[in-house]
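The residues making up each chain are set out below.
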Amino acid sequence: MLDRDAALQTVREVYAARVAGNKEDVAQYWADDARFEFVGESSVLHSVGLTAPSSIEGIGQLMDRFQFSDLELLDAVVEGDRIAARWKVTVATDGKNPVNTQLFDLITLNDQGKIQSFVQFADTALVSQVAG
């Protein structure tokens, strides 16, 4: 099991790869059977159009659709293999002005330090505006 600093470093590295738009680097941090869940109002999330059969493919779809920049970790709590993290980020998508928002993630790492579960909460009204 990773210690607190190593767990947070893993999450920072995942997000650095996310900001860089590097799907291969993001994928290296995911367990083969990892679960990703984007939480919010289902009618809004439907407009995002996540249709991938696997979690990492879904992450790839999000990366294609929404570009991140100016990422800042605001708060994090690490308890064993679980991480709760709140981020400030600028999100852009084609044809829309970038917007600033916050994300909240609940992440579970496996014994190898890879992401086993990733549950992300976002401002669904803003997601609808940006995705629409």
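Going by the structure above, here's the rest.
The structure reproduced in this document is the subject of the present report. (Residues numbered from 1 in each chain as written. Predicted model: local features only at pLDDT ≥ 70, side-chain atom pairs only at ≥ 80, totals over all residues. Heavy atoms only, no water.)

**Some thoughts on helix α5 (residues 124-131)**
Note the following rule: Each residue gets one of three labels from its accessible area relative to the maximum for its type: buried under 20%, exposed over 50%, partly exposed in between, using a 1.4 Å probe on protein chains only. Starting at the N terminus, helices and strands are each numbered in turn, a helix being any DSSP run of H or I of at least four residues and a strand any DSSP run of E of at least two. Directions drawn from the helix axis to the C-beta atoms are what define this arc.
Residues of α5 that are buried include every one of Thr124, Leu126, Val127, Val130 and Ala131, and no others. Viewed end-on, α5 has its buried residues packed into an arc of 155 degrees, placing them on one side of the element. Exposed and facing more than 90 degrees away from the buried side of α5 are Ala125 and Gln129.

**Some details on the side chain of arginine 18**
Selection criterion: Note that His is not counted, nor are the chain ends; the positive residues are Lys and Arg, and the negative ones are Asp and Glu. We count a salt bridge whenever a side-chain nitrogen from Lys or Arg sits within 4 Å of a carboxyl oxygen from Asp or Glu. Working rule for contacts: check all heavy atoms of both residues, and any pair within 4.5 Å makes them a contact.
Tracing the chain through its elements places arginine 18 in helix α1 (residues 4-20). The buried charged residue arginine 18 lacks any salt bridge partner; its closest oppositely charged side chain belongs to aspartate 64, at an N-O distance of 8.4 Å. Aside from chain neighbours lying at most four places away, what touches arginine 18 is Val26, Leu62, Met63, Phe66, Gln67 and Phe68.

**Observations concerning the pairing of strand β4 (residues 99-109)**
This is how it is decided: Any two strands between which DSSP finds at least two bridges are classified as paired.
Here β4 shows one buried face, formed by Val99, Thr101, Leu103, Asp105, Ile107 and Leu109, and one open face, formed by Asn100, Gln102, Phe104, Leu106 and Thr108. In this antiparallel pair of consecutive strands, strand β3 (residues 82-92) and β4, the connection spans six residues, and glycine 95 shows a positive phi of 80 degrees. Note: β4 against strand β5 (residues 115-122), seven bridges, orientation antiparallel. Bridging from a neighbouring strand, phenylalanine 104 pairs with phenylalanine 121 of β5. Adjacent in sequence and paired antiparallel, β4 and β5 are bridged by five residues, among which glycine 113 carries a positive phi angle near 80 degrees.

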